[in-house]
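Each chain, written out:
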Amino acid sequence: MKFTLKDYQSEAVLDSLDNLRKAKKRWHEDADHYAFSLTAVTGAGKTVMAAAVFEALFHGDDNFDFDADPGAVVIWFSDDPSLNEQTRFRLMEASDRIRHTDMVVVENSFNRAKFEAKKIYFLNTQKLGKKSLLVRGHEPEEGEAGMFPETRPDMRAFTIWDTIRNTVEDPELTLYLVLDEAHRGMGNPNAAAQNARTTIVQRLINGTGVIPSIPIVWGISATVERFKIAMEGAEKRITLPDVTVDAMKVQESGLIKDTILIDIPDESSGDFDTVLVRRGASKLKNITDAWSEYIKQQGGDISVIPLMVLQVPNKPDPNEIGRALDTIYKQFPELPSGSVAHVFGDHTTQRFGNRDVPYIQPEKVQDSTWVRILLAKDAISTGWDSPRAEVMVSFRPAKDRTNITQLLGRMVRSPLARRVAGDERLNSVECLLPKFDTKTVDQVVESLTTGDATVAPTSGRVLINPVEMVPNPEIADDIWKAFEDLPSQSRPKRGAKPAKRLTALAHELAADNILERAGRRAHASLHEVLDQFQANHSAKIEEKCRSILTVDGKTVVANMKGQSKTFEQFWEDADMAVIDNAYRRAARIISPDIARTYVDYLAYKEATPEDPDEFEESLMNGRVAIAAMGLLSELQAVVDSESDKLSKAWFAEFRDAIKALPDDRRDAYRELQELSNDPQDVDMERPVARYEATKVRQGDVEMAIPTYKSHMLCDHNGDFPSELNGPEESVVSTESGRDGFVCWYRNPQQPGQSSLGIAYQAGDEYKIMRPDFLFFSKSAEGEVVTDIVDPHGAYLGDALAKLRGLAKYAEDHQKQYRRVISVDKINGRFLALNLKDQCVREAIAEADAEDPDAVKKLYTGPLGQTYE
């Protein structure tokens, strides 16, 4: 892969490959048919995940412990040829093992008896329509009348249905059908079953007449409910566990924007009001300037050219659009002429006012940076998105809210494929809705937050008419320094491999000239570990070496009886395969890279390349030694422990050097730091800008949100708006009145480097809690001290799990905090637990998780204190 997978992507690929492995085995053994889905929000990188799956399917992958399927054939199916072309391009962009010749667009001239193994064939609905040349000549069975044309074109030996049937029936091949945007073509789940089965995609899946059904079906979409219902209703098809990507993990990764800002100007007139267009142009100019300033600060090769989407009615007035474009250019005169394009259904240059606006294919918008204003009607196209689309002005009425949310939902990918630390301006998308008011806009917000059959819900914030908060000028640098030094925690990564993390860290340190020859140092360190392991377990390893060189329980000589081959021939044919298999298994434990260099290291200790035969034998001995070590259960723990120890030491030693790097490089280290089986401490980042709502709607009444002073972020008046509940307001009031108090921080409940996260265990997985408040004070000696005070609902189902996580965090970070307090209001009294007290932590650890009142009992017991 050309890209490093995010942790949630790796998990999804691993689970998808596990399903495909099971499905292939059972199809060939029992002729069972299988289906499952991959669900991930828009922007999660579904095509990147698919590319990783295809690489493993065709070539195998040691990182996923997956052996290649030599007979794998993939059909990638969608209802849009342009979407297929976009997917094909993205697969090439993501994979370094899938060649362009491995991806075949099935055109009308396609004419093969069978599909070829290790290739991806792109098909779309239109190619299977009864007027298509690909299906002409198929002889329909009883009940298929009218589905297929009867005339076979000249020179066509096989229809596409023949090709599919022959491929399915070949025992050496395995046909996998991938349905892109799998909710489409499945029909309405409430429709009659017969109607659902008549669609082209369902004929493809389920077969018809002499056409067999596809053995293995994999549906990919942001919303797969219709696909799942169709698969569950399909005859003789078994559904495997669906693979669902946690939307919060996608949000944490920074691949999608954190916030959708909805602006409903008071001046809305219901027409192409120049005030509204001017406001949208100003937003485009402001975000362009913000990106320009950020890129100037960071240096390097990054570039973001923001785009405005102007969504118009289905039958717009060309003169009104022309006037709107004139207004945009007047407000943003720096825009080059010829910066406008459209994606309307009629693919011709259109005239709007005195401007000729060309058509552009949707999939080319992202890379065509000359386009700064894009005119669109509906959702542009299925699967379209553009990370540089930062502003949208929609003149659709309230009844068209689905068109608005579908288009807006495709504008959430982050331009740099990462979060810009601390600056919410660059992590947001803005939408102006002039045809809406404060009542009807709630419908858009609800659609975005809950989703529907075609649009997945957003996991970020949706704010209406927010105000920008900036760092409070009254807060001194020593307070901000204390803030930045606080240790936030990452969520552990499933299947993280410490040895691989170490070598990747070494690569980055060397690339940034932080540690010279870091790769060699990392490998040399692990070579020493493996040497010591061999010395400590020499007798066991020697025994394992003998077992590896034994075939079927007999020595190579004993098995030679009756054979005409020489000893060397037999050993080459038989034992090399055994050694290779054992070596590959061991290499997966210590990482293929470390295994390769350790073999070389051992070989050079025994021989020199000047004697090729002796050196080749030494290389083989090294492979056998690694294979033997891999058969000892102790190896994994030893290598993992030493790799983790060195990684942590390097992160600590070079912390300041890493912090001095540009954001994109720091982000690379942050990802590596988080690549661990245990929660890792990561640095906080000072926020530059954050948006907050200033009004809330209660029924039909719009009310102002209360504001507070002394917050670390504020508006131009020094105020910070926040909807605090009763206990939260009491905490802020109490802490603000303490001696030495300086300021407070409402910890954001969304992922980001400016939000303090604490890992806690919920069942078998880790999650992240975010305590509500940080308070900063000055001691009598003038030192900055920090308190965590978290109003904690004892009645909540995860209250004990979160309390345990907070207690563990307090134990591990005693020096960073003066107080770590959990507060709750019980029976009218505010009570607190001091989590820096060892006795309190022990009581929390011993509390009965099955008792719904366990946390309440801790507060009201002898360790609970009155909070005042």
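Residues numbered from 1 in each chain as written. Predicted model: local features only at pLDDT ≥ 70, side-chain atom pairs only at ≥ 80, totals over all residues. Heavy atoms only, no water.

Remarks on the overall build of the protein
Where we set the bar: Going along the chain from the N terminus, every DSSP run of H or I of four or more residues is numbered as a helix, and every run of E of two or more is numbered as a strand. The classification of residues rests on relative accessible area computed with a 1.4 Å probe and restricted to protein chains. Under 20% of the type maximum is buried, over 50% is exposed, and intermediate values are partly exposed. Between two residues, a contact is recorded if the distance between any of their heavy atoms is within 4.5 Å. Computed with the Shrake-Rupley method and a 1.4 Å probe, the accessible areas treat only the protein chains shown as cover for residues.
Secondary structure assignment for the protein yields 26 helices and 34 strands. Taking all 868 residues of the protein together, the buried fraction comes to 53%. In the protein, 73% of the contacts between residues at least 6 apart in sequence involve partners at least 24 apart. Summed over its atoms, the accessible surface of the protein is roughly 38,900 Å², and 47% of this surface lies on carbon and sulfur atoms.

Some points on the packing of aromatic side chains
Note the cut-off: Aromatic rings from Phe, Tyr and Trp, with only the six-membered ring used for Trp, were paired whenever their centres fell within 6.5 Å, and each pair was classed as stacked if the ring planes differed by under 30 degrees, edge-to-face if by over 60, and tilted otherwise.
Taken as a whole and judged by the stated rule, the model has 19 aromatic pairs. Here F483 and F776 contribute two aromatic rings whose centre-to-centre distance is 6.4 Å and whose plane-to-plane angle is 50°, an arrangement assigned as tilted. Of this pair, F483 sits in helix 13 (residues 477-484) while F776 sits in strand 30 (residues 773-778); the two residues are 293 residues apart in sequence, bridging distant segments of the chain. By the burial criterion, F483 is buried, and F776 matches it. Where F720 meets W744, the ring centres are 6.1 Å apart and the plane angle is 90°; that geometry is what we call edge-to-face. Of the two residues, F720 is situated in strand 26 (residues 720-721) and W744 in strand 27 (residues 741-746); the sequence distance between them amounts to 24 residues. Exposure remark for W744: the relative accessible area of 0% places this residue in the buried category. Taken together, the ring pairs connect F36, F54, W76, F122 and W218 into an aromatic cluster.

Here's the deal with the packing of helix 24 (residues 799-812) against helix 25 (residues 838-846)
For clarity, the threshold we go by: Axes, fitted as lines to C-alpha atoms, cover a helix only where it is in contact. Angles between the N-to-C directions of the axes lie from 0 to 180 degrees. Crossing handedness is read from the near helix: turned anticlockwise from the far helix by less than a right angle, it gives a left-handed crossing, and turned clockwise, a right-handed one. Amino acids outside the nonpolar list (Ala, Val, Leu, Ile, Met, Phe, Trp, Tyr, Cys, Pro) and the charged list (Asp, Glu, Lys, Arg) are all regarded as polar, and Gly is one of them.
Between helix 24 and helix 25, the shortest axis-to-axis distance is 10 Å and the interhelical angle comes to 145°. As for how helix 24 packs across helix 25, the hand of that crossing is left-handed. Across the interface between the two elements, L800, L803, R804, A807 and E811 from helix 24 touch R841, I844, A845 and E846 from helix 25. Here the residues of the contact of helix 24 with helix 25 sort into five nonpolar, no polar and four charged.

A word on unusual backbone geometry
Most peptide bonds take the trans configuration, and most residues that are not glycine carry a negative phi. If you check the backbone angles, R517 has positive phi at about 50° while not being a glycine. Backbone geometry at N827 places phi at a positive 55°, although glycine is not the residue there. The topology assignment puts N827 in the loop between strand 32 (819-826) and strand 33 (829-834). The class of N827 is exposed, set by a relative accessible area of 68%.

Thoughts on the confidence of the model for the protein
Put simply, the test is: pLDDT is a per-residue confidence score from the predictor, ranging from 0 to 100.
Predicted confidence across the protein gives a mean pLDDT of 87, with 89% of residues reaching 70 or more. Ignoring residues within four places in sequence, the model shows residues 189-198, a span with pLDDT below 50, making six contacts including any to other chains.

Notes on the environment of T163
Residue position: T163 is located in helix 4 (residues 160-169). Given a relative accessible area of 1%, T163 falls into the buried group. For the pair T163 and F110, spaced 53 residues apart in sequence, the C-alpha separation works out to 9.8 Å. Excluding residues that lie within four positions of it along the chain, T163 makes contacts with F110, R112, A113, K114, F115 and F158.

Considering the side chain of Q753
Note that Q753 resides in the loop between strand 27 and strand 28 (758-762). Residue classification places Q753 among the buried positions, given a relative accessible area of 7%. Aside from chain neighbours lying at most four places away, what touches Q753 is R419, A421, D667, R670, D683, M684 and E685.

As for the sheet that holds strand 18 (residues 467-471)
Heads up, the rule is: For two strands to be treated as a pair, DSSP must find at least two bridges joining them.
Here we have three strands laid out as an open sheet, ordered 21-18-25, and antiparallel in their pairing. Edge strands, defined here as strands with exactly one partner in the open sheet, are strand 21 (690-692) and strand 25 (713-714). Here strand 18 runs beside strand 21; their pairing, made up of three bridges, is antiparallel. Bridging from a neighbouring strand, V467 pairs with E692 of strand 21.

Points about helix 3 (residues 81-94)
Operational definition: One fewer than the residue count of a helix, multiplied by 1.5 Å, yields its expected span.
In this model, helix 3 (14 residues) spans 20 Å end to end at C-alpha, consistent with the 20 Å of a helix rising 1.5 Å per residue. Buried within helix 3 are the following residues: L83, N84, Q86, T87, R88, L91 and A94. Of the surrounding secondary structure, the elements contacted by the buried residues of helix 3 are helix 2 (46-59), strand 2 (72-78), strand 3 (103-105), strand 4 (119-124) and strand 5 (174-180).

As for the environment of S78
Quick note on the threshold: Polar contact criterion, stated in full: a pair of N or O atoms within 3.5 Å, where within protein one must be able to donate a hydrogen and the other to accept it, and residues adjacent in sequence count only if both atoms are side-chain atoms.
Summarising the element assignment, S78 is placed in strand 2. Take S78: its relative accessible area is 1%, and that puts it in the buried class. In this structure, the C-alpha to C-alpha distance between S78 and D180, residues 102 residues apart in sequence, is 5.2 Å. In this view, S78 contacts L83, N84, L123, N124, T125 and D180; residues no more than four positions away in its chain are not counted. There is a polar contact of 2.9 Å between the side chain of S78 and the side chain of N84.

Observations regarding the packing of helix 2 against helix 3
Their axes nearest at 9 Å, the elements helix 2 and helix 3 cross at an angle of 65°. For the crossing formed where helix 2 meets helix 3, the hand is right-handed. Judged by residue contacts, T47, V48, A50, A51 and F54 of helix 2 engage T87, R90, L91 and A94 from helix 3.

Considering the nonpolar core
Quick note on the threshold: Among buried residues, those of type Ala, Val, Leu, Ile, Met, Phe, Trp, Tyr and Cys that are joined through side-chain atoms within 4.5 Å constitute a nonpolar core.
Counting 73 residues, the largest nonpolar core has M49, F54, I120, W218 and I262 as the members making the most contacts within it. With ten residues, the top contributor of residues to this core is helix 2. Look past the residues within four positions of I120 in its chain and what remains in contact with it is F54, F58, V74, W76, L91, I98, D102, M103 and V104. Residues F483, V789, A847 and Y867 belong to the second largest nonpolar core, which totals 56 residues.

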